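Single-letter residue listing:
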Amino acid sequence: MRHWWHDAVIYQIYPRSFADGNGDGMGDLAGIKSRIPYLSRLGVDAIWLSPFYTSPQNDAGYDVADFRDVDPRFGDLSDFDELVTAAHAADLKVVVDIVPNHSSSEHPWFQAALAAEPGSPERALYHFRDGVAVDEDGVTTEPPNDWRSVFGGRAWTQAPDGQWYLHLFDSTQPDFNWDNPKVHEEFADILRFWLDRGVDGFRVDVAHGLVKEPGLPDVGEGLDIEMLGTTRSPFFDVDGVHEIYRSWRQILDSYPGDRMAVAEAWVESPQRRANYVRGDELHQAFNFDLLVADFDAESYRSVIDAELTTVTSVDAPPTWVLSNHDRPRYVTRYGDGKKGLDRARAAVLTMLALPGSVYLYQGEELGLPEVLDLPDHLREDPTWHRSGFTEKGRDGCRVPLPWKRSGPSFGFGEAAGWLPQPSDWGEKSVEAQDGVEGSTLELYRSALALRRRDVPTKVAWLPSEADTLSFHNGCFRCVVNFGSQPVPVDGDVLLSSADLIDGALPSGAAAWFSG
Ligand code: NOJ
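Residues numbered from 1 in each chain as written. Predicted model: local features only at pLDDT ≥ 70, side-chain atom pairs only at ≥ 80, totals over all residues. Heavy atoms only, no water.

1. Overview of the overall build of the protein chain
Scanning the protein chain from terminus to terminus reveals 15 helices and 22 strands. In summary, the protein chain has a C-alpha radius of gyration of 23 Å against a globular reference of 24 Å for 515 residues, a match within 12%. Projected onto its principal axes, the C-alpha positions of the protein chain cover 80 × 50 × 50 Å. Counting all 515 residues of the protein chain, 60% fall into the buried class. Across the protein chain, the fraction of contacts at a sequence separation of at least 24, relative to all contacts at a separation of at least 6, is 65%. Total accessible area computed for the protein chain in this model is approximately 19400 Å², and 48% of it derives from carbon and sulfur atoms. For the protein chain, the separation between the mean place of its 46 positive charges and that of its 82 negative charges on side chains is 4 Å. (Helix = DSSP H or I, 4+ residues; strand = E, 2+ residues; numbered from the N terminus. Rg over C-alpha atoms; globule rule 2.2 N^0.38 Å. Buried < 20%, exposed > 50% of the residue type's maximum accessible area, 1.4 Å probe, protein only. Contact = heavy atoms within 4.5 Å. Areas by Shrake-Rupley, 256 points an atom, 1.4 Å probe, with all protein chains shown as cover. Lys, Arg positive; Asp, Glu negative; His and termini not counted. Charge placed at Lys NZ, Arg CZ, Asp CG, Glu CD.)

Here it is as structure tokens:
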């Protein structure tokens, strides 16, 4: 049976930066609803909403204080219901984020845990421990182990009574204790709450982090913890997580329709990733390897081959991602300016020619670059302060979208947005690119329309020049020139990221050929 998510193009919406419906400078659900015609016209199959739940916004909503409500900044539950209805009426599926590794420190459970005694049932919902190295007043001065927070600094903060609690992210994001059956029950109920409201799927935040090794052992020397962990450790990719996903799968399968879940699992190898998408677990796991790959033929080919081999072994669909809200925008990653944009356009044509499911991040269809010169005092990413102001963090890919050539926030809303946009973003706006031949927006629209008509089914590599990749996907041929010289090509061009010059594909360009 073919499921919608097997070859869907899923568009990630970062609610605070997509569209501001009420003019307060912060994007919201009403803003998203108003742009559904735009999303339909773009040609995506689904939207994935980053968190819009009640939250103090210490990590832009990934710090949830109420998993069953909408933050007033973004609207309310009736706005959510209206958005789902409107999306479904436009034939768009709706995927929402679920954040099961941690809550906000403002969550009632954590507030109750702080107020309760050490050893109490309230504290057992999180990881509270006594520290080590007692001072003369009997208060511990060192945390229970050597774990570090992904955002910088140590992963433990001391409660007022001297116990320590674990937070792999910000100190306002305490980790749940998934050894506690109450946590399992709570999340089963939260899944049902949103499934009952009609969502088509979930994106599982830090899916690899929920279960910690018993005894919370030290990591020891020499473990280099990357942003979201690409190395197994006592807190990432511990085998016990799979039991959780097996139970979630049963919940999803018990609902009518074709509900799905996709894991954010940063793990050490494609083989480890495949464990998350075994037949009785989640439906997909993001493959982040293109998101971090260099723009060169060898890297791309090995990422593509590895993904196809991996998913085939567990009969899951491949997934592809070039951009998201945690990584520098790919235009900038690939060189910035014209070179970066050319390569980004070639990269997206390559990705969209591949079989499987594709995740797009809002604004990539406009060719937006990373904003590198945000004023420091406006930075909100906790990485900025937790790194002692040495890591700028992720705000540069989260700047509000430009919809119009002019206006206080280029059509994002009636007011200036929560982060300032570069002054030339009017020229990159939807209005400026709409209907303009050769614009990045029109390239995405054309590619998505063709992909919808000719759904890729395979990758058959074809002989090609050095620094070039060429493959047939069962419907059409894709040629990508990663090199610095033009490459002669032949055939009928369906679509290209740059004009061919005298029958040659320019440097940093890709084209699709019929037949
Ligand atoms: C992964 C999310 O993508 C990121 O934005 C967030 O900061 C962490 N998980 C913590 O929830």
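2. Some points on the pairing of strand S5 (residues 93–98)
Of all the six residues making up S5, five are buried; the element is thus mostly covered by neighbouring parts of the structure. Direction of pairing for strand S2 (residues 46–49) relative to S5: parallel, over a ladder of four bridges. In the strand pairing of S5, Trp-48 is matched with Val-95. (Pairing = 2+ DSSP bridges.)

3. Section: the pattern of salt bridges
Counted under the stated rule, the structure contains 35 salt bridges. Note that Arg-203 and Asp-97 form a salt bridge whose closest N and O atoms lie 2.9 Å from each other. Within this pair, whereas Arg-203 is found in strand S11 (residues 201–204), its partner Asp-97 is found in strand S5, the two being separated by 106 residues in sequence. Asp-97 matches Arg-203 in its accessibility class, with the two residues each being buried. (Salt bridge = Lys/Arg side-chain N within 4 Å of Asp/Glu carboxyl O.)

4. Some details on the environment of Asp-28
Note that Asp-28 resides in the loop between helix H1 (15–18) and helix H2 (29–34). Residue classification places Asp-28 among the buried positions, given a relative accessible area of 3%. Spatially, the C-alpha atoms of Asp-28 and Asp-71 are 9.5 Å apart, while their sequence positions differ by 43 residues. Residues contacting Asp-28, with those up to four places away along its chain left out, are Pro-15, Ala-19, Asp-20, Gly-21, Asn-22, Arg-73 and Phe-74. At a separation of 2.8 Å, a polar atom in the side chain of Asp-28 contacts the main-chain amide nitrogen of Gly-21. (Polar contact = N/O pair within 3.5 Å; in protein donor to acceptor, adjacent residues only side chain to side chain.)

5. Topic: the site of the ligand
Lining the immediate surroundings of the ligand are 13 residues, of which Asp-59, Arg-203, Asp-205, His-325 and Asp-326 lie closest. Take Asp-59: an N or O atom from its side chain is 2.6 Å from an oxygen atom of the ligand. Measuring from an oxygen atom of the ligand, one finds a side-chain N or O atom of His-102 at 3.0 Å. Across the complex, the protein chains shield 100% of the 300 Å² of accessible surface that the ligand would expose by itself. The residue makeup of the shell around the ligand, split by class, is four nonpolar, two polar and seven charged. (Near = heavy atom within 4 Å. Nonpolar A, V, L, I, M, F, W, Y, C, P; charged D, E, K, R; others polar.)

6. Remarks on the side chain of Arg-16
Tracing the sequence through the fold places Arg-16 in helix H1. Separated by 2.6 Å, the side chains of Arg-16 and Gln-57 make a polar contact. Not counting residues up to four positions away in its chain, the partners in contact with Arg-16 are Met-26, Gly-27, Gln-57, Ala-60, Phe-74, Glu-380, Phe-412 and Trp-418.

7. As for the sheet that holds strand S15 (residues 357–361)
Strand order in the open sheet formed by eight strands is S13-S12-S11-S5-S2-S1-S15-S14, with parallel pairing between adjacent strands. Across the chains shown, the open sheet's two edge strands, defined by having one partner strand only, are strand S13 (284–285) and strand S14 (319–321). By the bridge criterion, two bridges tie strand S12 (residues 260–263) to S13 in an arrangement that is parallel. Directly across from Val-262, in S13, lies its bridge partner Gln-284. Packing against the sheet, helix H4 (residues 77–89) makes contact with S2 and S5, and its axis sits at approximately 140° to S5. (Axes fitted to C-alpha atoms, helices over the stretch in contact; angles between N-to-C directions.)

8. Structural notes on the packing of aromatic side chains
Under the criterion given, the structure shown has 38 aromatic pairs. With a centroid separation of 4.9 Å and an interplanar angle of 70°, the aromatic rings of Phe-235 and Phe-236 are classed as edge-to-face. Classification of Phe-236 as buried rests on a relative accessible area of 1%. Through a chain of ring-to-ring contacts, the aromatic side chains of Phe-67, Trp-109, Phe-110, Tyr-126, Phe-128, Tyr-165, Phe-176, Trp-178, Phe-187, Tyr-245, Trp-248 and Tyr-276 assemble into a single cluster. Sitting above the plane of the Trp-418 ring, Arg-16 keeps its charged end 4.3 Å from the centroid. (Phe/Tyr/Trp six-rings, centres within 6.5 Å; stacked < 30°, edge-to-face > 60°. Lys NZ or Arg CZ within 6 Å of the ring centre and 35° of its normal.)

9. Quick word on unusual backbone geometry
Here the phi dihedral of Asp-91 falls at roughly 65°; this positive angle occurs in a residue that is not glycine. One can find Asp-91 in the loop between H4 and S5. Despite not being glycine, Val-206 has its phi angle at roughly 45°, a positive value. Within the secondary structure, Val-206 sits in the loop between S11 and helix H7 (241–253). Residue classification places Val-206 among the buried residues on the basis of a relative accessible area of 1%.

Interpretation in functional terms is not warranted from these geometric data alone.
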